[in-house]
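Fold and geometry: a report
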Amino acid sequence: MSRRASGNNPSVKLSKALSWLLRHGAEKEGFKFLPGGFLYVDSILQKPQFKSYTMDEVKAVVASNEKQRFHLETDEETGRLKIRANQGHTLEVTDLALQPLTSADQIPVVVHGTYFRCWESIRRQGLRRMARNHVHFAAGEPGQAGVISGMRGSCDVIIYLDLEKAIAGGLKFFRSANNVILCEGNEDGIISTQYFKRVINRKTGAELDLAHPVSDTRANEEPGGAVPKKGIPLLVPESADDIAHEVDQQRKQRSKRTLVPRH
């Protein structure tokens, strides 16, 4: 399904709206999280942007989400159905049911996916959690069994984390309910490059050197060192502040969007 087609799909619209609400927009919409980051589904469906949807449609979106972004359960006291996002929050959430990781033996491979447009900043300053509460990692390489979330499939740079060294360095890691590895970083929200085991160009498999910037040509090289075709855009390094500003602006734009009711 193309991006344009998926954007017109009511289920995709509902999934995106739930993601925004449960990760970023609950307070703006007048909600206060229940313990664990839950909201009652019937309360959500009373909001104008959700009134065209049903409880069954919410259940279907949760069940069909390939990355298992959401979790549904019945409140023991009220009997009402409630929903939460498993990770990805910018809002403070208590009791999110995160499993602490105390040993690298628990997860042999931990990777973070990013893009060449962000790489120069990361190479110089490390990974930042930006507007989110955590830096996200996948518990294995894309396509491996059990790896359903933690990085975008379009990423072109893969950072392999030395989890053992990072834990020994005092960083705290957690596993979410949908098997995403989360880390707040240090007191500044940063994971230093000293904890990178290796970094590769996902397209070519070439290893990137932390000590030297990646030129536009090297970033787009084909295997064997072939020169890229004309027309490939130049990769302009961005500072961490630039990227953080862009993320914040995108988050603000998303917060202004409302769903168009279906007819």
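Residues numbered from 1 in each chain as written. Predicted model: local features only at pLDDT ≥ 70, side-chain atom pairs only at ≥ 80, totals over all residues. Heavy atoms only, no water.

Along helix 2 (residues 10-25), the residues that are buried comprise L14, S15, A17, L18, S19, W20, L21, L22, R23, H24 and G25. The N-cap of helix 2, judged by a side-chain oxygen 2.8 Å from the amide nitrogen of S11 a few residues on, is N9. (Buried < 20%, exposed > 50% of the residue type's maximum accessible area, 1.4 Å probe, protein only. Helix = DSSP H or I, 4+ residues; strand = E, 2+ residues; numbered from the N terminus. Polar contact = N/O pair within 3.5 Å; in protein donor to acceptor, adjacent residues only side chain to side chain.)

This part takes up the pairing of strand 10 (residues 180-183). Side-chain alternation along strand 10 places V180 and L182 on one buried face and I181 and C183 on a second face that is also buried. Relative to strand 10, strand 9 (residues 173-175) runs antiparallel, the two being bridged by 3 bridges. Residue F173 lies in a different strand from strand 10, and its bridge partner there is C183. In sequence, strand 9 turns back onto strand 10 through a hairpin of 4 residues, with N179 there showing a positive phi of about 70 degrees. (Pairing = 2+ DSSP bridges.)

So, about the side chain of R175. Positionally, R175 belongs in strand 9. No salt bridge is formed by the buried R175. Its closest oppositely charged neighbour is D105, at 11 Å. A polar side-chain atom of R175 sits 2.6 Å from a polar atom in the side chain of N179. Once residues within four sequence positions are removed from consideration, R175 is found in contact with A97, L98, Q99, L101, Q106, I107, V180 and I181. (Lys, Arg positive; Asp, Glu negative; His and termini not counted. Salt bridge = Lys/Arg side-chain N within 4 Å of Asp/Glu carboxyl O. Contact = heavy atoms within 4.5 Å.)

Bear in mind that shape data such as this cannot, by itself, settle questions of function.
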